[in-house]
Amino acid sequence: MTRPVRAAIDTGALANNLAVARSRAPSEPLWAVVKADAYGHGAVDAARALVAAGADGLCVASVEEARALREAGIRVPLLLLEGFFEAAEVPACAELGLAVVIHAPWQLEALEAAPGEQALTTWIKVDTGMHRIGFHPDEVAAARERLRAAPAVAGEPGLMTHLARADERTASATTDQLAAFDGLEHPGPVSIANSAGLLGWPGARRGMLRPGIMLYGVSPFPEEVAADHGLEPVMTLHSRLIAVRRLAAGDAVGYGGTWTCPEAMPVGVVAIGYGDGYPRHAPSGTPVLVDGVEVPLIGRVSMDMITVDLRGHATAAAGSPVTLWGRGLPVERVAAAAGTIGYELLCSVTSRVPRDPH
Ligand SMILES: Cc1ncc(COP(=O)(O)O)c(C=O)c1O
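Not measured: the values here are computed from a predicted model. (Residues numbered from 1 in each chain as written. Predicted model: local features only at pLDDT ≥ 70, side-chain atom pairs only at ≥ 80, totals over all residues. Heavy atoms only, no water.)

Some words on the overall build of the chain
Logical step 1: Counting its secondary structure elements, the chain contains eleven helices and 17 strands.
Logical step 2: For the C-alpha atoms alone, the extent of the chain along its principal axes is close to 75 × 45 × 35 Å.
Logical step 3: Burial analysis of the chain (358 residues in total) assigns 53% to the buried set.
Logical step 4: When contacts within the chain are restricted to residue pairs at least 6 apart in sequence, long-range pairs at least 24 apart make up 66% of them.
Logical step 5: Surface accessibility of the chain: about 14,300 Å² in total, with carbon and sulfur atoms responsible for 54%.
Logical step 6: Positive and negative side-chain charges in the chain, numbering 29 and 39 respectively, have mean positions lying 6 Å apart. (Helix = DSSP H or I, 4+ residues; strand = E, 2+ residues; numbered from the N terminus. Buried < 20%, exposed > 50% of the residue type's maximum accessible area, 1.4 Å probe, protein only. Contact = heavy atoms within 4.5 Å. Areas by Shrake-Rupley, 256 points an atom, 1.4 Å probe, with all protein chains shown as cover. Lys, Arg positive; Asp, Glu negative; His and termini not counted. Charge placed at Lys NZ, Arg CZ, Asp CG, Glu CD.)

Comments concerning the site of the ligand
Logical step 1: Taken together, Val 33, Lys 35, Tyr 39, Leu 81, His 162, Asn 194, Ser 195, Arg 210, Pro 211, Gly 212, Ile 213 and Tyr 343 make up the full set of residues adjacent to the ligand.
Logical step 2: Take Lys 35: an N or O atom from its side chain is 2.7 Å from an oxygen atom of the ligand.
Logical step 3: Between Ile 213 and the ligand, the recorded distance is 2.8 Å, taken from a backbone N or O atom to an oxygen atom.
Logical step 4: In the complex, 90% of the free accessible area of the ligand, which totals 390 Å², lies under the protein chains. (Near = heavy atom within 4 Å. Polar contact = N/O pair within 3.5 Å; in protein donor to acceptor, adjacent residues only side chain to side chain.)

A look at the side chain of Thr 307
Logical step 1: Relative to the assigned elements, Thr 307 resides in strand E15 (residues 305–309).
Logical step 2: Among the polar contacts listed, one links the side chain of Thr 307 to the backbone oxygen of Ile 298, at a separation of 2.7 Å.
Logical step 3: Once residues within four sequence positions are removed from consideration, Thr 307 is found in contact with Val 253, Val 267, Gly 268, Val 269, Pro 296, Leu 297 and Ile 298.

A few points about the domain arrangement of the chain
Logical step 1: Partitioning the chain into structural domains gives domain 1 (11–218) and domain 2 (235–357).
Logical step 2: Relative to domain 2, the C-alpha centre of domain 1 lies at a distance of 37 Å.
Logical step 3: Counting from both sides, the interface comprises eleven residues of domain 1 and, opposite them, ten residues of domain 2.
Logical step 4: Interface area, domain 1 with domain 2, both sides summed: about 890 Å², of which 69% is carbon and sulfur. (Domains from an automatic or database assignment. Buried area = accessible area lost by both parts, 1.4 Å probe.)

In structure tokens, the structure reads:
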């Protein structure tokens, strides 16, 4: 058998999740976030499925990501979430027909200096409390006037912000951010909501919606799983047992001997490791499914293999199918065990893992 690690990508689940997102604000435009290779799912296939399911546009993080989608024949509007990274990228943005976020004065200057035949749609990013990128609310009116006057800019600039703590159900930070946004007069289109904003904050459900993680079937709220929202996992990372060892009491397992068999017992070896993006810091006890039976990871994760305690599943054998996350084992549970978030696990799946869209 060839190395059995695969990431199955369920495009039907993508369509279901898009419909869930759409149902929260049916009349608003929905631009699906497909940056970072569609959160590790494969940008072109995910984008095609999302467009077929009715996404009005797509959001990316770089001109390179946008170009790859255009070269694959994807024609829907694309938004560059942090805008261009240097003035020299402005012509490429125009050539690819991108909408660009403008968050800093140097980007205004670059557009003012760009030739007039470039008809770029722009979104002013206002910092309402995230304190990462964006104009101060007091600077928005002047930025808007400069964009209106810039020959390279087409139409009325939009106004967008990003929520820092929408994944906390009760954070007053979100109501403060919404109040700061609503304190700004703005004649053009608006955009506020990521997944947590869309699912959790009715006040954010207006204008262009920008959901990411929920489309991939992951809850943005740490204490909830996707099924709570009718979302289905899109990626199922799976592999197989390549060996079952009968070890003796006192045998230490794997690098560093961090886990010792308390009794004579079967230990399964799974072809998956940090070379595939499985988190090296996942501790003993992290859940793994073997033949659909949940068993604990034991010992250290190595580059190509992990070991599991098979005392609870004595009939497992070399070749038994293994699920690391996805259908049957929410990535949120693995992430919680490993002290991280589902976003990071999905984005970390490496290029050596074939993605199988179906
Ligand atoms: C500006 C912006 N909007 C929307 C999103 C989508 O966020 P989420 O994946 O939490 O829905 C992101 C993701 O990081 C983002 O940076």
